[in-house]
Each structure stands twice: as structure tokens, then as C-alpha cells.
Amino acid sequence: MVDTTPSAEPAESGSGKGYGIQVAYRTLSVRVEENKATSKSPLDPADAIASIDAHLLSVDEVYTRYSSHPTVGLELAAVRRRERDGKNVISPPPTVYWKKTLNYVFGGFNFLMWIAFLLTILSYKPLGPPLPFVLGVAVLLILVIIISAAFYALVDWNANRIMKSIKSLIAHEAAVIRDGNQQIISAADIVVGDVAVLSAGDRVPADMRVVQASSDLRFDRSLLTGESEMIPGALDATSDNALETRNLALTSTFVVQGTCHGVVFATGDRTVMGRLVKMSGETKFKLTTIQREVWFFTKIISCLALFFFCLSLLLYGVWLRTTYPGYDTTSSAIVNSIGCLTAFVPQGLPICVALSLTVVARRMAKRQVLVKNLATIETLGCMSVLCSDKTGTLTAGKMMVENIAFLDDVFGVDEINERVAKASNPAVFSVFKALHQIARLCNGAKFDATTNHLPVQDRTIKGDPTDTALLRFSEVLSIPELDVDSSTLQQEYEKKFEIPFNSRNKWMLSVVSKVNTSEKNAESTWMFVKGAPDVLFPSCTSVLQGDGTVVTLTSRARQMFATLQEDWSSRGQRVLVLCRKPIEQIKAGLPPNDVEDLMYAEMCDLTLVGLIGICDPPRPDVSPSISIIRRAGVRVFMVTGDFKLTALAIARQVGIITQHVVDTIQDVRAAASEKVSPKDYHLIKPSEDDDIRSLVLTGEDVASLTTPDWNVIVGTYTEIVFARTTPDQKMRIVEEIKARGDNTVAVTGDGVNDAPALKAADIGVAMGSGSDVAKEAAALILLKNDFASIPVAIEMGRLVFDNLKKVTLYLMPAGSYSEFMAVLANVLLGMQIPMNSYQQVCYCITNDVIMSISLMYEKPEWDLMQRKPRNARTDRLTDWRLFFHVYLFYGLMLWPCAMAMWFLYMSQQGLGFYDVILTFSRWEDGWQGYTIDQLTQFVDVGQCIYYVTVAIGQYGTLLSVRNRRVSILQSNPLWGPRRNLLVLFGMSGTVLICIVNLYGAGFQQVFNTRPIPGMFWGLPFTFALGILLMDETRKTIVRRYPKSLIAWLAW
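Trainee: Got a minute to help me understand the packing of helix H6 (residues 97–106) against helix H7 (residues 110–124) in this structure?
Mentor: Each packed pair of helices is defined by two parameters, the angle between the axes and the distance between the axes. Close contact between H6 and H7 brings their axes to 6 Å; oriented N to C, the two are set at 70°. In terms of their interaxial angle, H6 and H7 are classed as roughly perpendicular. Residues Tyr 104, Val 105 and Phe 106 of H6 lie in contact with H7, whose contacting residues are Asn 110, Phe 111 and Trp 114. For the contact of H6 with H7, a count of residues per class yields five nonpolar, one polar and no charged.

Trainee: Just checking my understanding: could you explain a nonpolar patch on the surface for this structure?
Mentor: On the surface, a cluster of nonpolar side chains totalling about 680 Å² of accessible area is made up of Tyr 857, Leu 974, Trp 975, Leu 981, Leu 982, Leu 984 and Phe 985. Looking at the element boundaries, Tyr 857 is found in the loop between helix H32 (837–855) and helix H33 (880–908). A residue is classified by how much of its surface remains accessible, and Tyr 857, at 33% relative accessible area, is partly exposed.

Trainee: Explain the pairing of strand S26 (residues 719–723) to me, please; I cannot follow it from the model alone.
Mentor: Successive residues of a regular strand alternate their side chains across the two faces of the sheet. For S26, the tally of buried residues reaches five of five residues, placing the bulk of the element in the interior. Neither face of S26 is exposed, since Glu 719, Val 721 and Ala 723 on one face and Ile 720 and Phe 722 on the opposite face are all buried. Note: strand S23 (residues 635–639) against S26, three bridges, orientation parallel. If you follow Val 639 over to S26, its bridge partner there is Phe 722. Two strands pair when backbone bridges link them, and strand S25 (residues 694–698) and S26 are joined in this way by five bridges, in the parallel orientation. Bridged to Val 696 within S26 is Val 721.

Trainee: I tried to follow the environment of Asp 389 on my own but got confused; where do I start?
Mentor: With respect to the element layout, Asp 389 can be found in the loop between strand S11 (385–388) and helix H15 (390–394). Judged by relative accessible area, which is 6%, Asp 389 ranks as buried. In the structure, Asp 389 is positioned 229 residues away from Asn 160 in sequence and 31 Å away in space, judged by C-alpha atoms. Aside from chain neighbours lying at most four places away, what touches Asp 389 is Leu 394, Val 639, Thr 640, Lys 730, Thr 748, Gly 749, Asp 750 and Asp 754.

Trainee: Just checking my understanding: could you explain the pattern of salt bridges for this structure?
Mentor: Between side chains of opposite charge, pairing is possible as soon as their charged atoms come close. Under the defined criterion, the tally for this structure stands at 41 salt bridges. The salt bridge involving Lys 462 is made with Asp 202; its shortest N-O contact spans 2.7 Å. On the criterion of sequence distance, the pair formed by Lys 462 in strand S15 (residues 461–462) and Asp 202 in the loop between strand S3 (195–199) and strand S4 (207–213) is long-range, its members being 260 residues apart. In this structure Lys 462 comes out as buried when scored by relative accessible area, which is 19%. Classification of Asp 202 as buried rests on a relative accessible area of 12%.

Trainee: Explanation requested: the sheet that holds strand S27 (residues 745–749) in the structure shown.
Mentor: The pairing of strands in a sheet comes from backbone hydrogen bonds and takes either a parallel or an antiparallel form. Across the sheet, which stays open at both edges, the nine strands sit in the order S10-S29-S28-S27-S11-S23-S26-S25-S24 with mixed pairing between neighbours. The sheet is open, and its two edges are formed by strand S10 (369–371) and strand S24 (662–663), each paired on a single side. As paired strands, S10 and strand S29 (residues 780–782) are joined by three bridges and run antiparallel to one another. Looking across to S29, one finds that Val 371 is bridged to Leu 780. On the sheet, helix H27 (residues 707–716) packs against S23, S25 and S26 and is oriented at approximately 130° with respect to S26.

Trainee: What is the right way to look at the sheet that holds strand S5 (residues 218–220) in this model?
Mentor: Across the sheet, which stays open at both edges, the three strands sit in the order S6-S5-S8 with antiparallel pairing between neighbours. A single partner strand is all that each edge strand has here, and the edge strands are strand S6 (230–232) and strand S8 (254–257). The mean angle between the axes of side-by-side strands here comes to 45°, regardless of whether they run parallel or antiparallel. In this structure, S5 lies alongside S8, joined through three bridges in antiparallel fashion. Across the sheet, Phe 219 pairs through a bridge with Val 255, a residue of S8.

Trainee: Sorry if this is basic, but what is going on with the packing of helix H31 (residues 789–828) against H32 here?
Mentor: Interhelical geometry of H31 versus H32 gives an angle of 160° and a closest axis separation of 10 Å. One way to sum up the angle between H31 and H32 is to call them roughly antiparallel. In this structure, the crossing between H31 and H32 has a hand that is right-handed. Within the contact between the two elements, H31 uses Asn 803, Lys 806, Val 807, Tyr 810, Leu 811, Ala 814, Gly 815, Glu 819, Ala 822 and Val 823 and H32 uses Gln 840, Tyr 843, Cys 844, Asn 847, Asp 848, Met 851, Ser 852 and Leu 855. Looking at the contact of H31 with H32 residue by residue, the classes come out as ten nonpolar, five polar and three charged.

Trainee: Sorry if this is basic, but what is going on with the side chain of Ser 625 here?
Mentor: Counting through the fold element by element, Ser 625 comes out in helix H23 (residues 622–631). Within the structure, Ser 625 has its side chain in polar contact with the backbone oxygen of Asp 621 (distance 2.6 Å). With sequence-adjacent residues up to four places away left out, Ser 625 is seen in contact with Phe 787, Ala 788 and Pro 791.

Trainee: Even after reading the chapter, I still don't get the pairing of S4, so can you show me in this structure?
Mentor: Burial within S4 is extensive, with five of its seven residues counted as buried. Looking at chain direction, S4 and strand S9 (residues 259–266) are connected through six bridges and run antiparallel. Bridge assignment links Ala 213 to a residue of S9, and that residue is Cys 260. Inspection of the sheet shows S4 paired to strand S7 (residues 248–249) by two bridges, in the antiparallel sense.

Trainee: Looking at this structure, how should I read the environment of Phe 309?
Mentor: By the element assignment, Phe 309 lies in helix H11 (residues 289–323). With eleven residues separating them along the chain, Phe 309 and Thr 298 place their C-alpha atoms 16 Å apart. Non-local contacts of Phe 309, meaning those with residues more than four positions away in its chain, are made with Leu 119, Ile 334, Ser 337, Ile 338, Cys 340 and Leu 341.

Trainee: What should I look at first to understand a positive patch on the surface in this one?
Mentor: Residues Arg 161, Arg 362, Arg 363 and Lys 366 make up a contiguous surface patch of positive charge. When residues in the positive patch are grouped by element, the largest group, three residues, is from helix H13 (residues 348–366). Here Arg 362 lies in helix H13.

Trainee: Honestly, the packing of aromatic side chains in this entry has me stumped. Any pointers?
Mentor: Centre-to-centre distance and the angle between the planes together describe a pair of aromatic rings. If you walk through the whole model with that rule in mind, you get 30 aromatic pairs. Each member of the aromatic cluster is reached from another via a ring pair, and the members are Phe 133, Tyr 838, Phe 1003 and Phe 1007. Over the ring of Phe 801 we find Arg 870, and its NZ or CZ is 3.7 Å from the ring centre. Residue placement shows Arg 881 over the ring face of Trp 1048; its charged tip is 5.3 Å from the ring centre.

Trainee: For this particular structure, what's the right way to read the state of the cysteines?
Mentor: Structurally, a disulfide amounts to a covalent bond that connects the sulfur atoms of two cysteines. In total, this model carries zero disulfides according to the counting rule given. Cysteine Cys 303 shares no disulfide, and the gap to the nearest cysteine sulfur, in Cys 310, comes to 11 Å. Cysteine Cys 842 is unpaired, with the sulfur of Cys 994 as its nearest cysteine sulfur at 8.0 Å.

Trainee: How should I be thinking about the confidence of the model for the protein chain in this particular structure?
Mentor: Low-pLDDT portions of the prediction should not be read for the details of their coordinates. Per-chain confidence: the protein chain averages 86 in pLDDT, with 92% of residues scoring 70 or above. Ranking the elements of the protein chain by mean pLDDT puts helix H1 (residues 10–13) last with 37 and strand S19 (residues 540–544) first with 96. Within the model, the stretch residues 1–19 combines pLDDT values under 50 with 74 contacts to residues more than four positions away or in other chains.

Trainee: Would you mind going over H32 with me for this structure?
Mentor: In an α-helix, one full turn covers 3.6 residues, which means residues spaced three or four apart are oriented alike. With 19 residues, H32 extends 26 Å between its outermost C-alpha atoms, agreeing within 8% with the 27 Å of an ideal straight helix rising 1.5 Å per residue. The sharpest bend along H32 measures roughly 45° and falls at Tyr 843. Most of H32 is tucked away: 15 of the 19 residues are buried. Of the residues that open H32, the one with a side-chain oxygen 3.1 Å from the backbone nitrogen of Tyr 838 is Asn 836.

Basis of the calculations
- Residues numbered from 1 in each chain as written.
- Predicted model: local features only at pLDDT ≥ 70, side-chain atom pairs only at ≥ 80, totals over all residues.
- Heavy atoms only, no water.
- Axes fitted to C-alpha atoms, helices over the stretch in contact; angles between N-to-C directions.
- Helix = DSSP H or I, 4+ residues; strand = E, 2+ residues; numbered from the N terminus.
- Parallel < 35°, antiparallel > 145°, perpendicular 65-115°, else oblique.
- Contact = heavy atoms within 4.5 Å.
- Nonpolar A, V, L, I, M, F, W, Y, C, P; charged D, E, K, R; others polar.
- Patch = residues over 30% accessible without salt bridge, like charges linked within 9 Å, V, L, I, M, F, W, Y side chains within 5 Å.
- Areas by Shrake-Rupley, 256 points an atom, 1.4 Å probe, with all protein chains shown as cover.
- Salt bridge = Lys/Arg side-chain N within 4 Å of Asp/Glu carboxyl O.
- Buried < 20%, exposed > 50% of the residue type's maximum accessible area, 1.4 Å probe, protein only.
- Pairing = 2+ DSSP bridges.
- Left-handed = near helix turned anticlockwise from the far one by under 90°.
- Polar contact = N/O pair within 3.5 Å; in protein donor to acceptor, adjacent residues only side chain to side chain.
- Lys, Arg positive; Asp, Glu negative; His and termini not counted.
- Charge placed at Lys NZ, Arg CZ, Asp CG, Glu CD.
- Phe/Tyr/Trp six-rings, centres within 6.5 Å; stacked < 30°, edge-to-face > 60°.
- Lys NZ or Arg CZ within 6 Å of the ring centre and 35° of its normal.
- Disulfide = S-S within 2.5 Å.
- pLDDT = per-residue confidence, 0-100.
- Expected span 1.5 Å × (residues − 1).
- Bend = angle between axes of the 7 residues up to and from the residue.

Right, dumping it as C-alpha cells:
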């Protein structure tokens, strides 16, 4: 079928796979090596990349070449000059329009139309006499092809336009140093020489030379190389090849760990990615899930159509032509057999598929949801499990420090200054100075310098939510009595080394030294550490008291802090412990990796300073959304790196956990030892009759799970919280769930640690405020962080599939049944064809299409979001139940009614049943006393009666298939929640088409159409009503007796 999936922009979506980027990258890497020795054309991309030498320069030489500075960056005047080189945007590859045009003209069912057209032309000349009727059919067929191709092109253009407008809503930003200030600018405004500041989760906005890096710097280059392994960053060249060295950060790769500064040396189309996109050519077509299914259906139908067409011609050639000479000419046999080609073609189906993509794109645009590929929406309709991260996804991600605890006191944030001021001796709270130092200096977040004039709460901050909360807290905290002040603190200390927070260690470390001090005492250099209490507690041996004195950390004190952590966590707070340790000054010149090893060795005998409780309230739209998602039969699991009790508390608040009793790993092991694992993994899923059971597991538990344990977890529990998980464990959780129960798994997340799971999922959903890595890995981005868009997207996915199923069910009874029976009667039963080839083609491409389009705009049925999720493996668009209703229910009522009307009219003209059937070549001048002109008039009128009966009889099918179970009395198309006035317009349109065909003088002259008696306009309405009443009876039985045979057969 015709592909109308919008193309992804290379620079916006990063969907490099569509451009063959990885193959081009490896090919180019080899060519760069070869071109080191032999240069080719100056336009050769390999030559251009081979000429890159920024990685071979020293750091000082880099700053000199690009007129930049490590702390000042570029001056404003230099920025203005370099902006003339153009925006930092990669141009999309040119579209090859002739390929698209061929796809529009010959795609879908159009190739069958081309076969019919060519055969009709041959029937006109030279195979038969040049009859106007045959030429008219040929003209109609070519018009069908032109209109279909134009429609596909229009829908493709419109869907692309809508998708591009959504992508323009994504603000790609970058942090740069200009005029001595760190500021956040649009990535498109970066110029050569800019000093860019990158941290974990950031997309690299331009090609840059790394000039400053943390020891744990890691890049994700999978977009370029196709390899998922993290690439370590470096300050010095590791290869002469610019594509292989590790001290270059290339456009559209990602920082997945650590931090770095880089000097930009190429932007836009001059970057490596820009050259690769230009090399790799146009975007490849990619069919969506529904399109693939419809294309499969199209191939089946097309093969059937060609088979019966060939069979019809074969019967004519070997039987009718010899046994009944004169019954048909070669020309008329071909033209009549063309009905087999057109009868089986549900021309409205590909049109409705194309329309569905446009409807989806428009609705998603209204909700500001970026869908990288519309197949995502279709897959969301199958979603059976949603694994959601906590922070920034279920919660608002706007963290605030709420509580502080020391060995001998607990504070609420609002009461700090008041209690210190009232104290007779403020020195009893000296511990605040140490706490403030750690919160401010052991922090990866930074204020955007352009917002420093605003109040602290309104300033823009670049950093993760936890560091952001601590930065705001430390900036606001000012206790003059204790010399606690952020502005002086920044001037007193210099950061010497840092290990950023990562989801494996679950802590951050900073080494700071006092500036301008000649004293080499033990307290001139400090190691500050903050992180998860359960991870850092074992490394602490001492603790600060309120007055700043250090005492031994006793088991009683440990228990007190652990109890406090559990209390705060059970209220949904994230708890951090702040620690410090005096160390010797780091020797100058040590490699970063050696310093890192040294710091790991120092991670013992820490002094615990205090605990900080940070609150992050759930998003207001999460709880009602989860309720809707769960009613739709989708299980919602929480997968987070946070502490177990914190995760459990938030899970209860948002409705993920509803049971009072929550099982643990011990209950899973007990059940696994008793339960026999099923042989078929597809069967591992909770039964509808089972009670709702809840489970909480930690990362440590996940690491020890066996296959029988996973069978119990996935097959028994409806509510699960996975806490303290690493990125690898999150990915394993997703893969284990996908492997069982035919689950379609969606993952929501916003952080770097969520990226592996987002990639592993069937559908990755990222928040618009999340990291660039998460947004790249996801297939769907909620630009407004609107969790409520997820149930809407699920409903839309189900609705698209539901409506396409209705379209298929509507199109088949008239097309591949009633029309085909007309051809069959002509070939096998020796009867004049009751519906000529013009009427068949006209009906398929006008009457059927105009009514089927209205079904694509049907609103959801009341129970759509209460049904079980569709099984993507077994629940197909067309199954045996659908064909049962097509051929043994709706179709079995429609074609006998149309055929009865044909015989009724003939009877009124004095021709009985056996005077019409099995006549073969006897239907000629003098048959039953009629002239050939009279007999021809009878056939012309009878064909129009058959045509009108099929067209109006389809009213009953259309109104029936609008609802699967609900009565039309509760969901009529004229008013109420299921109002769809397009149904009325479609019905009116099909009657108008019939009137134009029958009463238009030109149509009568060319296609031999004739007016029909009034009774034959009225009777088809009773047939339509009969079809509707029969279906209403069927639905009533299905509703009242859901276990009956009729309910089992229901589509």
C-alpha cells in the first residue's frame, strides 16, 4: 500500500537509522584512513573529514586557533561575526520526488486499476468494436488512478506538515560560556569557537574538541556507529582518524556519564553528521504496523482478484466461447471480467489508512505530543504493561528541600533562621556551615547567568532535579551569625576534582581546596560526598554534632538515622546523606583516572554531617491517568532508582499500589517453588479471576531473580514497584516482561538512567523536560510533560484499529461479495451480468469510499477503554470472525436482496426466473417474443436496480458496523456522545451519486444507465432496515448472553 508516514528530520529527531548513517560512518572511517595517503576530489566527504586536525592540537592551541578562552569563552563581538556563517542546523537530504510519485501512482490497489485500464483499452481496440461504453470505463479507471495518487500525495504532504510543526516545538538548547558567563542558548545559535558545557544526558550540539573532562566521561555514539557500548572521553588524541579518536564530541551523540567542556570547531552541514546525512541520501519509506497489516491484506485480496479474473477469462476461452458461441465476444468477456478485479478491491481501505494517520497527527499536535513515528500510536493501542520512572515522570520533578536532620536535632527548612536567631549561642548550630558547604560545592547544577537578576526560585538552572533543589536551598540559606553565605563560599573554595552522580554509584564526590591559603593543614582540602543513605552509611565512621564537633558514629546513632530515613521516605521524600573527609592536597599533573582511583580508595572513614529530605510531589494529572490506564486493562509498574519506601509511598499516592499487603521477594520465591512453569511463555499472564496482588522488589532482588521467579512476577502480580534499580536492571525488567504473556511494554522516563529501558521497550515515552538522551531513545515525547496524554494516545491507538476494522467490515459485503456474485452469475449461470463493469468500478471508488470515510471519524465506543489490550501477535485486522460476518451475515443478506430485485424487475417485464438464468447465447433477438433492443433495455434498467439496491442496502451495513456491541439507540449518528454527521453526509452523497449516474444524460449515453421505477428506490431502504434490525438482534444476544455461541462469533 502507499506509505504516508511522515519523514523524520535528521537534525531534529536524530533518527539517523533512516539515512543509513551507521553504514556511511564506518565506510567513511575506512576512506578517511585511505585518504590520509591519497587525496581525491576536494568535494569528497572523506577528504573533508581527513582534513580535521582539531583533535591533534593541544588544549592551548585549540583556544588559540579558535580565538576562545577557557573561562571567558567567546566575546560578543566575535559571536556576531561568526553568526554570518549560518545557523547550526543540518539540512535534510533532498527528496527524490520521482520515486514518491511512482509510489503514489502505482502503490496500493492502483496497480490493479492499471491492469484493468490496459485491458479495457485493448478491449476497445484492437480486440473489439470501439464502443463508447468500453472507452468510458477506461477513462473512469484512469481518473480513479489520478485521483487516488493525488489523494495519497495530499495526505502525505499534510501529515508531514503537521509532524514538522510538532517537531518545531522542541527547543534544543545548549550551555555555553560567553563573555565570562555560562548561559543557555538555542543550539542553532552555536558558532565555531564557542565553549560548550556538557553534562550527563546532554546531546552534543555541534562538533567540538574536548578541552576539559571529568574522569568518568562517557559518550553514546550509537546513532553514528550502531554500537551501544559507551565510549570513554579523553583530553588527548587516541587516533589520527577524527572519526575514531576519543577527544572529539560529535554532533547528535550524547553524554551519558560525566561532564566536559568543548570548543566548537564545526557547525551545521560542516559537521560529521551533516556530511553523513548528505552522503546517505533520501529518507527511506517505512510502513507502520497498520500499514503492514493492510498491505498484507491488500496482497491477499489482489491475488484473489487476479485469480478470479484469470479464471473468468479461462472459462470463457475453454468453455463459453466453444459451447455457447455468440454469448460473449472477447472484448465483452474482458470488460465483464474486469469486475473481478474491481469487485475485490476495497478502494476505501488505503484511503482510510492514510486519513487515519492525518487524523492522529492532528490530534497529537493539539496536545503537543511529538510522535517520531505514527506506528507508535498504533502500538500504544496494544500496550499491556506500562513501566514508569518516578522522578520527573510520575512526580513533578520540581524538588524542594523540606527537612534537615543532624545527630542531635531535626529542622524544617522554614524554621532554620528563626531557631538560630533565638538561640542564646548560635555556635550550637555550627554544623550548618559544613552542611551548606557540601550542598553548594558538591553540586553538579549551575545557574544560567542570564537569569541571575531574578529571585532564586525563578532562575533557570542546568542540572538534575536533586542538585537543582540543593542549589536553590544553599543559595537562599544565609546565616550571618555562622558565616553561612553562598557568595563568599564560592570565592573561598576552588573545585579540584569531581565524580558526578551516576545511577550505579548513587553518590557524587567533589574535592575542594581553600584558595589563597599558605597553610598545608589537614583541613585545607576536603572531600565532600552526598548520596543515598543506604549506600553511604557503611562508609561513615564518625558524625558531626550540632556544635560542629566530631564524635564516633555509634550503632544507636546509625539506627536513629535509619529510622529517620524510613520515616521521611514513607512520606514520599527523597533522602540524601551529606558526608565529608579531610584529605591531602591532590598532586598536580596526575591523570584523571589515577585521581579517580585515589578518591575511590578514600571512600572510607567518612564523617556524616546530616540528612536532607527533599519532597517531589506527584503531578496532579498522574493519579486520574493511571486510573484510566488500569481500567483499560494495562498494568502499571514503577521502576525507579529511588529508595524502596520512597517509591512505595509515591506509588500509593498515584494509585499504582492499592493493596494494603505488599509482597516481597520471599513471597515470590515461595510461589516459584510450588508453581510449575508453563511451556508456552505466551500464557504467562494474570487471570481475570485472580485477586489483585502487589509486590515491591529492590535492585538487589532483581539481580538474583531466576526464570521461575520472573514467571511468577509477570504471571501473578498486577501492581509492582521496582526500587533502587540500575539502568541495566531497568532494561532487564522490560525485556523479561516482554518475553512473557505477549506483553506490549511501554516505558516512561526522563533521565539518562532511563535511556536503556526506553530503547528496549516497545514504546518509549519521554518527558519534554527530560534529558536529551531520554528524548532520543523515546518514540513519543510529551512536550508539556502531560502524563494525561498517555491514556489519550492509548485510546487513539485502539480507535484507529477499531475504525479500520469497521471500514474493512463495511467494504467487503458489497465489494468482494455482491459485485463478485454478479460476475459469477454471468460466467457460470449464463445470465446477463446484473451489474456492469462501469457500475462496479464507480461503486467501489465513489459510493463505497464516500461512506467508508465517515467511519474513520467515529468517536470511541463507551467500552473502548474498558476492553483488554489487543494482542499484537494474535489479534489481526482481518480474522476469521470478520470474514464470517462478511460472507455469512452482512453479505449473505445484501447480495440476495440485490439479486431478488433484479429478478423482480425481470418478472414484471414478463421474464420468469428460468427465462433469465441459464440462457447463455439464447438471449438474442426474439427471445420470449422480445426484440434485442427491448431485452437490452431490460438489462440496462435491471443493472441500475441492482446497483441502487447494493448502494442503499449498504446503509444497513454502515449503521451496523458503527458499533460492536452497543445499540444504535444509544449511539446514533445524529446526536449524543457518538454524534457523527459525516455518516449522514456519506449516505446523502451515495444517493446523489446514484441519481447522477441514472439520470445524467451523458452517463445514459456512454454507460447505458437508465432511470428506474419508483418502487425500486423505496424497497432497498427496507432491506437496509432489515440488515440493521438483524444486527441489532445479534448485538442484543451478545450483550445479554456473553457466553453464548453468537457472542463467541462476534467480531
